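This is what each chain is made of:
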Amino acid sequence: MQSNNHYLLAIILTVAGSSVLAGRSASAQQPPSEETIAFFRQNCYSCHTIGGGRLAGPDLKDVSKRKDRSWLLKFVMDPKGVIDSGDPYAQKIFREARGVYMQAVPGIQSSRVEKLLDLIDAESEAESPLFAGVQIDDRPLTAADADLGRQLFSGLASFESGAPSCISCHTLASLGGLGGGRLGPDLTTVYSRLEGRKALAAWLSTPPTDIMKPLFARHPISKDENLALVAYLKQVTEQGTEEAEPSNMSFLLIASLVAALSLVLIDFIWRARYRAVRRPLVEATTR
Amino acid sequence: MNEFLLFAVVPYLSMAIFFIVTIQRYRQRKFTYSSLSSQFLENKQHFWGSVPFHFGLLLTLAAHVGAFLLPSWVLTWNSVPWRLFLIEITGLALGILTLVGLINIVMRRLNNSKVRLVTTIGDWVVYGLLLIQVATGMGIAIFHGWGSSWFATSAAPWLWSLVTLQPDVSTMAAMPALVKMHVLNAFVLIGVFPFTRLVHVLVVPNHYIWRKTQVVLWNWDRKSIRNRG
């Protein structure tokens, strides 16, 4: 009986000792700073969750257990370079993302990536993770949602924050006329490209591209507007049209015609330019 | 390339050169403020160069300044698609007019021996920079539309950040190469402005538009003067 008690005490001491040691090692690692959390939210969260499932990019929960740190560091610094080098795991991720390259954050430093990986590790263990997905209403999308989305896209309705309408930079096959802008990509099939509602809504909540990021950080899209755009882009994708042919040529032709008419008008206005100037003036004053 | 250097340092540098040299040249060489018109040497091709070029350029420039000063007005106007298309077609048509005029101006300077004689290296620099400016502007209109809208949302805030001395180049850093070239070349033009014929912009005799017509009368007998000589 006594030897049994000794045995139990030894176990308790061992467990308690290892717990203290584990506690020490945990406290030795700095908790993620607010700045790193904000950076992740601004630059990564539109395509990745930590424990909330796949968006445009994979769920990053336990990513350090899937690949070692040096690989992850290299990939985050230059995703396109690693994918194009033929790395098998990068190729697998690329295929799963349906051929969409992850965007590198311009000017990102390796120290920043290390902090992000620390954050992902910490959040992978957290009981209530911060980045489990954007909370977008999952009610069924209605025709009224899609109509509001159409108006927001074309500028007929304004975003509450004063954000620019989508047509400024993006086109859709169904737009008609000269279509939408061509600074950004055609969004006709974006709903299927980003694999549906959840990823598209996350993308719209913090657009990560270099042109949209600074703009929409100042003028965010509200949750209702986000839902309306998702509904409209879903409707557009489901109409099954191909992406729009750029209307560059018809635009150039119409503008050339207007310019030619302007030249005719100039010629008409100054039609007397090579005739006498002085004589009619003298006649007018002496009449 | 360092974006801050391109979109903050270069603009401030070119604006500093513009103001300092423009004032200094006016104080020291007031009578060089002219484009030294060559209209008397050749007039027909001059008309098809100067008129479309100036109308196209001045209206396009006014549109840029307007979108910089009142970006929200532009966005409100563009919120109806046909109005957006109208403004974009007008913009590109003005670009074509400017290009037609500029090509005529350059061809005239090249082909007319009298005009070529009064053309300086500074003039060729200006024509070269203007050709780059107009060509990149038209390229942007065609390949990266709709610039009237995204100028108001991305370029105007950057320009205002320069005006308020809090430069924020983030919206410009990600722009396509053609846009960056257009913007940089514009600041090069501002920088060379006080050294070239471009100074005539500051001494345009606008009052001629409202001035009453003047009739010049010669009272001498020109034939007798000729015979005397």
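Residues numbered from 1 in each chain as written. Chains lettered and ligands numbered in written order. Predicted model: local features only at pLDDT ≥ 70, side-chain atom pairs only at ≥ 80, totals over all residues. Heavy atoms only, no water.

A. How the structure looks around the overall build of chain B. Counting its regular elements, chain B contains 10 helices and zero strands. For chain B, the α and β elements follow one another from N to C terminus as α-α-α-α-α-α-α-α-α-α. When the backbone C-alpha atoms are referred to their principal axes, chain B occupies close to 75 × 45 × 35 Å. In chain B, the proportion of contacts linking residues at least 24 apart, taken out of those at least 6 apart, comes to 78%. Looking at chain B as shown, the accessible area adds up to about 13,300 Å², and 70% of this sits on carbon and sulfur atoms. Put simply, chain B has 18 plus and 6 minus side-chain charges, and the middle of one group is 16 Å from the middle of the other. (Helix = DSSP H or I, 4+ residues; strand = E, 2+ residues; numbered from the N terminus. Contact = heavy atoms within 4.5 Å. Areas by Shrake-Rupley, 256 points an atom, 1.4 Å probe, with all protein chains shown as cover. Lys, Arg positive; Asp, Glu negative; His and termini not counted. Charge placed at Lys NZ, Arg CZ, Asp CG, Glu CD.)

B. Layout of the overall build of chain A. Helix and strand content of chain A: 14 helices and zero strands. Its helices and strands taken in sequence order, chain A reads α-α-α-α-α-α-α-α-α-α-α-α-α-α from the N to the C terminus. Counting only residues that meet the buried cut, chain A has 39% of its 287 residues in that class. The contacts in chain A between residues at least 6 apart in sequence include a share of 64% that link residues at least 24 apart. (Buried < 20%, exposed > 50% of the residue type's maximum accessible area, 1.4 Å probe, protein only.)

C. Structural detail: the confidence of the model for chain A. All names here are of chain A. The predicted model of chain A averages 80 in pLDDT, with 86% of residues at 70 or higher. Ranking the elements of chain A by mean pLDDT puts helix H1 (residues 2-28) last with 45 and helix H13 (residues 248-269) first with 94. A low-confidence stretch, residues 8-28 stays under pLDDT 50, and its non-local contacts, those more than four residues away or across chains, total zero contacts. (pLDDT = per-residue confidence, 0-100.)

D. Seen up close, the side chain of Ser149(B). The topology assignment puts Ser149(B) in helix H7 (residues 147-163). On the accessibility criterion, Ser149(B) (2% relative accessible area) is buried. In contact with Ser149(B), not counting residues within four places along its chain, are Ser168(A), Leu75(B), Asn78(B) and Leu84(B).

E. Structural context of the nonpolar core. Judged by nonpolar contacts, the single largest core of 63 residues is most densely connected at Phe153(A), Leu200(A), Leu229(A) and Leu92(B). Not counting chain neighbours up to four residues away, the residues in contact with Leu92(B) comprise Phe251(A), Leu252(A), Ala255(A), Met138(B), Ala141(B) and Ile142(B). By size, the runner-up hydrophobic cluster in this structure holds 26 residues, among which are Phe39(A), Ile50(A), Ile108(A) and Leu119(A). (Core = buried A, V, L, I, M, F, W, Y, C linked by side-chain atoms within 4.5 Å.)

F. Spotlight on the interface of chain B and chain A. The interface is formed by 41 residues belonging to chain B together with 39 residues belonging to chain A. Approximately 3,400 Å² of surface area, both sides summed, lies buried where chain B meets chain A, with 75% of it carried by carbon and sulfur atoms. Per-residue buried area on chain B facing chain A is highest for Trp48(B), Ile89(B) and Trp146(B); these three make up 17% of the total on that side. Seen at the junction of chain B and chain A, the total is one salt bridge. The partner of Asp168(B) in a salt bridge is Arg218(A), with the nearest N and O atoms 3.8 Å apart. For the side of chain B that touches chain A, the secondary-structure elements that each account for two or more residues are helix H2 (44-69), helix H4 (81-111), helix H6 (121-143), H7 and helix H8 (170-173) of chain B. (Buried area = accessible area lost by both parts, 1.4 Å probe. Salt bridge = Lys/Arg side-chain N within 4 Å of Asp/Glu carboxyl O.)

G. Local environment of the packing of aromatic side chains. All names here are of chain B. Counting across every chain of the model gives 15 aromatic pairs over all chains. Summarising the aromatic geometry, the rings of phenylalanine 7 and tryptophan 158 are spaced 5.9 Å apart at their centres and angled 90 degrees between planes, so their arrangement reads as edge-to-face. Of this pair, phenylalanine 7 sits in helix H1 (residues 3-28) while tryptophan 158 is found in helix H7, placing the two residues 151 residues apart along the sequence. We classify tryptophan 158 as buried; its relative accessible area is 3%. (Phe/Tyr/Trp six-rings, centres within 6.5 Å; stacked < 30°, edge-to-face > 60°.)

H. Highlighting the domain arrangement of chain A. Here chain A is partitioned into domain 1 (1-30), domain 2 (33-125), domain 3 (151-238) and domain 4 (257-287). Distance between the C-alpha centres of domain 2 of chain A and domain 4 of chain A: 68 Å. (Domains from an automatic or database assignment.)

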